[in-house]
Amino acid sequence: MAVLAVIAYADRMTRVIRLICLIFCAGSLSGQMSAQVRITVDRQQATVCPAFETDVAPPPLSRKGCADISIWAVDPQGSHIWAMFTLTLDTVPKERPLGLVVSAKAASIVYLNGDPVGENGRPGDTKSTEIPGKMDQVFPIRDDQLRLGKNTIAIRMSSHSGMLRLFNPIHGVALTDYRAPEDAILRHYWLSLLPFGAFTLGALYFATMAMVGRQRQSSALIAGMSMTAAMQLLTEVSRGLTAYAYPFQDLRLIGIAMFSALFGVLLAIYVILRLRPEQKYWLLGGVFAVTTTALVVPSGVDMKASLALLAPTVLAARVALSRYFVDRRNALMFGVSLLVFAAINFVGAGSFLDRYFYYTVAVLLLFLFSQQASAFAREATLRRREEARAEKLEYVLAELQEAAEETMLSVKSSGRLSRIAASDIAFVRGAGDYTEIVAASGDTLLHSATLTELEESLPVFFLRVHRSYLVNTRLIASLERNSAGTGELRLVKEQNLPVSRRNMPQVRAAL
């Protein structure tokens with residue numbers, strides 16, 4: 001069992017690697033794809049007859065209950081039937097391995113021109129006797145088993161294990177080059193995987209922004225939309241990554257519908273909270289109501305998924321455009337973008353979710369990313385202004401407090417202790433383990449303390465402008481900056497002090 005598990009894992013990894021090669025080698029692959037054999041059975045007419053577990057060969061067409069119908073009307077769900085198809089060949093492909101691909105929600109036993117070619121699970125009269133087969137299976141075919149003209153393919157099939165009843169449980173029966181059917185499915189989906197990296201990066205980036213508090217609500221919603229789109233994409237292409245039993249197809253379809261609905265709901269919530277926050281409760285109630293209705297009322301899973309995305313998108317567009325006369329620019333951009341997105345969904349119908357959806361989502365998310373980036377920029381500007389106002393207020397309050405309580409310094413000089421008001425000091429110059437305190441009057445006192453020690457006891461209006469100078473900012477008359485990046489301060493008493501390059505930004509900000 002362990003060996004089989006390793007083999008299965010290696011097979012899945014091989015498909016992933018092959019998918020990567022498909023993405024980076026699209027040009028060459030397009031030429032190879034055009035040379036591949038793919039001959040489908042007659043889609044206009046198939047013959048369906050009742051089947052029994054005792055059948056060991058295709059029944060005669062005279063069996064009671066046999067009828068001619070379209071291939072799309074063949075339905076083994078909840079029954080046990082024979083389905084007989086016609087494959088017409090103008091030439092028999094030679095010197096290449098061929099396979100008969102059967103893509104159907106059913107267990108099956110296949111016969112070609114009356115000869116058995118393989119089993120996919122085991123069809124039965126009831127769920128207990130049936131062994132579910134794979135959703136997509138390929139049976140090897142020798143060229144000598146084929147004949148020119150009409151070939152008869154007879155398939156005994158049953159489908160008792162599903163949760164959903166699909167409109168088209170038979171997706172295709174065709175003669176192709178022999179290879180895993182997942183390869184052809186990947187070729188159908190590989191372009192849709194290109195936006196996956198953008199979805200993942202967008203989800204990680206905006207989740208990080210939400211966690212650090214940058215526009216927390218909007219960032220979290222965009223991260224959720226990006227992750228939902230990425231998960232829907234992976235669910236969509238899972239059919240091409242692994243060969244699963246047909247009951248899993250129902251889970252896959254339910255997952256696609258739920259992710260589609262979740263994306264639509266998150267998109268609508270984002271627009272409502274951004275443009276109509278004052279009416280958010282009843283608008284959000286409307287979003288959940290229309291989305292739930294879209295998931296419950298339609299009978300087809302594809303229709304559920306499409307409408308569950310379309311309904312909240314249209315509602316969000318209506319909300320955006322209703323703000324046109326209040327917030328003209330944002331309302332118009334959001335409204336038009338959402339209407340275009342909804343129109344592509346409506347026009348694309350069934351093919352939208354597996355082909356156009358991921359490209360249009362990538363473009364829509366790019367638009368939302370740009371809007372959020374603008375919001376970040378506005379928030380950063382506002383924060384800087386608030387910080388500047390707060391710093392200014394803090395400085396003014398500190399000055400007012402110190403003006404009310406004049407700071408007095410005790411100066412020790414040559415064994416003598418004297419006191420001087422801080423506001424009377426013009427600047428302080430470092431002199432080794434001492435400092436020279438220069439008063440506004442021009443008098444100089446030598447103080448037995450370092451410049452750093454003195455800086456801690458001086459009030460806030462003293463500023464370090466150089467490693468050897470502290471200056472009273474109230475007495476600064478002007479600042480001149482030279483080409484080397486340093487500067488020179490001129491005090492009101494015509495005293496000049498140097499300003500270092502490192503301290504220049506602080507001095508300019510203080511002034």
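These lines cover the structure that appears in this document, whether it is placed above or below. Worth saying up front: this structure is predicted, and the values here are computed from it rather than measured.

### Concerning the packing of helix α4 (residues 196-211) against helix α5 (residues 216-241)
- At their nearest, the axes of α4 and α5 sit 7 Å apart, and the two run at 155 degrees to each other. The angle between the axes of α4 and α5 places the two elements in the roughly antiparallel class. Like other packed secondary-structure pairs, α4 and α5 cross with a definite hand, here left-handed. Counted together, Phe196, Phe199, Thr200, Gly202, Ala203, Phe206, Ala207, Met209, Ala210 and Met211 of α4 and Arg216, Ser219, Ala220, Ile222, Ala223, Ser226, Met227, Ala229, Ala230, Leu233 and Leu234 of α5 form the full contact between these two elements.
- The class makeup of the residues in the contact of α4 with α5 is 16 nonpolar, four polar and one charged.

### Focus on the packing of aromatic side chains
- For the structure shown, the criterion picks out seven aromatic pairs.
- Ring centres of Trp82 and Tyr111 lie 5.6 Å apart, and the angle between their planes is 50 degrees; on these two criteria the pair is classed as tilted. Pair noted here: Trp82 is in strand β4 (residues 80-89) and Tyr111 is in strand β6 (residues 107-112), with a separation of 29 residues, a long-range link.
- With relative accessibility at 0%, the residue Trp82 sits in the buried group.
- On the numbers, 6.3 Å between centres and 40 degrees between planes, the contact of Tyr270 with Phe334 is tilted. A residue pair is termed long-range when its members are at least 10 positions apart, and Tyr270 in helix α6 (residues 247-275) and Phe334 in helix α9 (residues 328-348) qualify at 64 residues.
- The structure contains a cluster of three or more aromatic residues connected by ring pairs, namely Tyr270, Phe334 and Phe367.

### Some points on the side chain of Asp136
- Mapped onto the secondary structure, Asp136 falls in strand β8 (residues 136-141).
- Overall, Asp136 belongs to the buried group, its relative accessible area being 5%.
- Looking at Asp136, its side chain comes within polar contact range of the side chain of Ser103, at 2.7 Å.
- Beyond its immediate stretch of four places on either side in the chain, Asp136 contacts Val102, Ser103, Pro181, Ile185 and Arg239.

### Focus on the pattern of salt bridges
- The final tally for this structure, using the stated rule, is 13 salt bridges.
- Residue Arg63 is joined to Asp55 by a salt bridge in which the shortest nitrogen-to-oxygen separation is 3.1 Å.
- Of the charged contacts, one joins Asp177 and Arg96 as a salt bridge, the two residues approaching to 2.9 Å between their closest N and O atoms. With a gap of 81 residues between them, Asp177 in strand β10 (residues 170-177) and Arg96 in the loop between β4 and β5 (98-104) connect regions that are remote in the sequence.

Quick notes on the rules
Residues numbered from 1 in each chain as written. Predicted model: local features only at pLDDT ≥ 70, side-chain atom pairs only at ≥ 80, totals over all residues. Heavy atoms only, no water. Axes fitted to C-alpha atoms, helices over the stretch in contact; angles between N-to-C directions. Helix = DSSP H or I, 4+ residues; strand = E, 2+ residues; numbered from the N terminus. Parallel < 35°, antiparallel > 145°, perpendicular 65-115°, else oblique. Left-handed = near helix turned anticlockwise from the far one by under 90°. Contact = heavy atoms within 4.5 Å. Nonpolar A, V, L, I, M, F, W, Y, C, P; charged D, E, K, R; others polar. Phe/Tyr/Trp six-rings, centres within 6.5 Å; stacked < 30°, edge-to-face > 60°. Buried < 20%, exposed > 50% of the residue type's maximum accessible area, 1.4 Å probe, protein only. Polar contact = N/O pair within 3.5 Å; in protein donor to acceptor, adjacent residues only side chain to side chain. Salt bridge = Lys/Arg side-chain N within 4 Å of Asp/Glu carboxyl O.

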